[in-house]
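Examining the three-dimensional arrangement
Here's the letter readout for the chains.
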Amino acid sequence: MKLFPKNFLWGTAISSYQTEGNTANADWWQWEKQHPPPDNSRCGSACDFWNRYETYIEHAAALGSRAFRISLEWSRIQPTPTTWDEHALSQYNEIIQTIKSHNMEPVITVWHFSLPQWFAKKGGWTRSYNRGYWNAYCEKLRDTLAKDVRYWVTLNEPGAYAAMGYLTGYWPPGKHSIFKFISTLHGLIQAHRNAYAILKNKDNHIGVSLNLSHDELVHPANWGERFVEMILGHYSDWGFLSYVKNRIDFLGINYYFHNQISWIPGKQRKRHLDKSDLRWDVCPRGMYQVMVKAYAQCKKPIFITENGVADNHDTIRQSFIRDHIAWLHEAYKEGIPVIGYLHWSLMDNVEWQRGKQPRFGLMEMDYEHMTATPRPSFYLYQDIIKAYTERI
Ligand code: BGC
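Read on for a plain summary of the structure. (Residues numbered from 1 in each chain as written. Predicted model: local features only at pLDDT ≥ 70, side-chain atom pairs only at ≥ 80, totals over all residues. Heavy atoms only, no water.)

This paragraph deals with the overall build of the protein. When you go through the protein residue by residue, the secondary structure sums to 14 helices and 12 strands. By the compact-globule yardstick of 21 Å for 392 residues, the protein fits well, its C-alpha radius of gyration being 20 Å. The dimensions of the protein, computed from C-alpha atoms along their principal axes, are 55 × 50 × 45 Å. Out of the 392 residues belonging to the protein, those deemed buried represent 57%. In the protein, the proportion of contacts linking residues at least 24 apart, taken out of those at least 6 apart, comes to 78%. Of the roughly 16,400 Å² that the protein leaves accessible, carbon and sulfur atoms contribute 52%. Each charge class in the protein was averaged separately, 44 positive and 39 negative side chains, and the resulting centres sit 6 Å apart. (Helix = DSSP H or I, 4+ residues; strand = E, 2+ residues; numbered from the N terminus. Rg over C-alpha atoms; globule rule 2.2 N^0.38 Å. Buried < 20%, exposed > 50% of the residue type's maximum accessible area, 1.4 Å probe, protein only. Contact = heavy atoms within 4.5 Å. Areas by Shrake-Rupley, 256 points an atom, 1.4 Å probe, with all protein chains shown as cover. Lys, Arg positive; Asp, Glu negative; His and termini not counted. Charge placed at Lys NZ, Arg CZ, Asp CG, Glu CD.)

Scanning all chains against the criterion turns up 16 salt bridges. Among the salt bridges present, the one from Glu216 reaches Arg271, with a minimum N-O distance of 3.1 Å. Linking Glu216 in strand E6 (residues 214-217) with Arg271 in the loop between strand E8 (258-261) and helix H12 (284-298), this pair joins segments that are 55 residues apart in sequence. Overall, Glu216 belongs to the partly exposed group, its relative accessible area being 23%. Residue class for Arg271 comes out partly exposed when judged on its relative accessible area of 32%. A network of salt bridges, in which partner residues are shared, links Lys100, Lys147 and Asp148. (Salt bridge = Lys/Arg side-chain N within 4 Å of Asp/Glu carboxyl O.)

If you check the shell around the ligand, you find 13 residues, and the closest are Gln18, Asn156, Glu157, Glu351 and Trp352. Between the ligand and the protein, one listed contact pairs an oxygen atom with a side-chain N or O atom of Asn156 at 2.8 Å. In the environment of the ligand, an oxygen atom lies 2.9 Å from a nitrogen or oxygen atom belonging to the side chain of Glu306. Relative to its free-state accessible area of 310 Å², the ligand is covered by the protein chains to the extent of 94%. When its residues are assigned to classes, the shell around the ligand shows 6 nonpolar, 4 polar and 3 charged. (Near = heavy atom within 4 Å. Polar contact = N/O pair within 3.5 Å; in protein donor to acceptor, adjacent residues only side chain to side chain. Nonpolar A, V, L, I, M, F, W, Y, C, P; charged D, E, K, R; others polar.)

Let's shift gears to the sheet that holds strand E7 (residues 250-255). Sheet architecture is closed into a barrel: 8 strands sit in the order E1-E2-E3-E4-E5-E7-E9-E10, paired in parallel fashion. Across the sheet, the mean angle separating the axes of adjacent strands is 25° when strand polarity is ignored. As paired strands, strand E3 (residues 105-111) and strand E4 (residues 151-156) are joined by 4 bridges and run parallel to one another. Looking across to E4, one finds that Ile108 is bridged to Trp152. Here helix H13 (residues 317-333) sits on the sheet in contact with strand E1 (9-13), E7, strand E9 (302-307) and strand E10 (338-343), set at roughly 170° to E10. (Pairing = 2+ DSSP bridges. Axes fitted to C-alpha atoms, helices over the stretch in contact; angles between N-to-C directions.)

Our focus in this paragraph is the packing of aromatic side chains. Throughout the structure, instances matching the rule amount to 44 aromatic pairs. Here the aromatic rings of Trp74 and Trp134 are separated by 5.6 Å at their centres, their planes lie at 65°, and the arrangement is edge-to-face. Here Trp74 is found in helix H4 (residues 74-77), whereas its partner Trp134 is found in helix H7 (residues 131-144), with 60 residues between them in sequence. Like Trp74, the residue Trp134 is buried in the burial classification. Seen in terms of ring centroids, Tyr288 and Trp327 are 5.2 Å apart; in terms of plane orientation they differ by 45°. Their pairing is tilted. With Tyr288 in helix H12 and Trp327 in helix H13, this residue pair connects regions lying 39 residues apart in the sequence. Over the face of the ring belonging to Trp50 we find Arg76, whose NZ or CZ atom lies 3.9 Å from the ring centre. Above the ring of Trp238, the side-chain terminus of Lys293 is found at 4.2 Å from the ring centroid. (Phe/Tyr/Trp six-rings, centres within 6.5 Å; stacked < 30°, edge-to-face > 60°. Lys NZ or Arg CZ within 6 Å of the ring centre and 35° of its normal.)

This part is about the nonpolar core. With 111 residues, the main nonpolar core has Trp134 and Leu251 as its most contacted residues. Those residues in contact with Leu251 that sit more than four places away from it in its chain are Val208, Leu210, Leu212, Leu241, Ala294, Cys298, Lys300, Pro301, Ile302 and Phe303. Listed in part, the 14 residues of the second largest apolar core include Leu9, Ala67, Phe303 and Trp344. (Core = buried A, V, L, I, M, F, W, Y, C linked by side-chain atoms within 4.5 Å.)

Another point: H7. Taking 1.5 Å as the rise per residue, H7 with 14 residues should run 20 Å; its terminal C-alpha atoms sit 20 Å apart, in good agreement. Within H7 the residues assigned to the buried category are Arg131, Tyr133, Trp134, Tyr137, Cys138, Lys140 and Leu141. Contacts from the buried residues of H7 go to H4, helix H5 (86-101), E3, helix H6 (117-121), E4 and helix H9 (178-199). (Expected span 1.5 Å × (residues − 1).)

On to the pairing of E10, then. Note on strand geometry: in a regular strand, side chains alternate between the two faces of the sheet. Of all the 6 residues making up E10, 5 are buried; the element is thus mostly covered by neighbouring parts of the structure. Here E9 runs beside E10; their pairing, made up of 3 bridges, is parallel. Bridging across to E10, Ile304 finds its partner in Tyr341.

Turning next to the side chain of Asp48. Note on placement: Asp48 falls in the loop between helix H2 (27-34) and helix H3 (49-62). Among the residues examined, Asp48 registers a relative accessible area of 10% and is labelled buried. For Asp48, the side chain forms a polar contact with the side chain of Arg52, separated by 2.8 Å. Setting aside its immediate chain neighbours within four residues, Asp48 contacts Thr19, Glu20 and Met370.

With that out of the way, let us pick up a nonpolar patch on the surface. On the surface, a nonpolar cluster with roughly 840 Å² of combined accessible area is contributed by Leu167, Ile178, Ile182, Trp223, Phe227, Met230, Ile231 and Tyr235. Counting only elements with at least two residues in the nonpolar patch, the list comes to H9 and helix H10 (223-234). In terms of residues, the nonpolar patch owes the most to one element, H10, which gives 4 residues. For Ile178, the location among the structural elements is in helix H9. (Patch = residues over 30% accessible without salt bridge, like charges linked within 9 Å, V, L, I, M, F, W, Y side chains within 5 Å.)

Listed below in structure tokens is the structure:
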């Protein structure tokens, strides 16, 4: 029997830009105008979480969740460099209270990819001067929302963000510059450290959510593959971990990827793995391997803050959940201090540059009527939470 402790933080995760809707002050809003997703499904009202949060929170509670991860939209809270939107802050306070009143722990991400347009125009994370604005934002959160938050995530996937915005250019600001990529990473390391120092108190737990992939060399003796491994290890969220591991109370792991690194292009080992609608390999064992490796590096409690699959017809999501949780338990059994598992995501939402087509939800969104309907995997996850939690 796979049992997790009674206080294990089962739940789901969402982010502000992807669900709230009408976040018109965000850089992503502007970006989408010039770079619409393939099916033109821009953010728009998204899931209208901003107005319908109660319904979604009720669904999250009905799952049996003990935690619900949301993010705060910086561009709402600080619409200009010198103003605060008190209404937005009190609405976030309401959302946090609603989560708590449903007996769930709010897990609050301070920054999940989208920036206020004014901050992006000033050069975003590449300019050290801009960190003053970030510090002021964190101080504002400390003074307004922090008393009710026990779990903070400072940043979501800083390495992935820097690569998408400054190397591949798929995300705003759409640059291709190694220099800016590195200064962004550097800026985010400092931003994490400052946020930790500002928000930390004796009752809370502060971490960072990193996109940690399981990377395997096809020919481990090959120096070329080892070199790629070293570069990836340094300039990715794995590298980020080495800079912040002494300033986190827990490590948030977002697990999605399993990569085979081969010096002969296209010569990966044949695997019979399920594939998501985005053609990403499904490799549950990789999550266990990532947990083992990350724990060896940081020796901090591990919190799976995201894990999920794009699967429009809910064909593979049930086995995906079952198998990942089986490997999660394996890690727990071996003594890795795992404090929670959050599935990405509660409902379908805006998948960044890909729009609303990829569907990661335990609930299916009908965007036209703004309704969310549980898929079969919602009920499976509900059963797992019930069956795998110690009663006493
Ligand atoms: C991000 C989410 C995203 C998910 C699926 C994660 O890397 O944090 O915002 O929706 O992956 O791609």
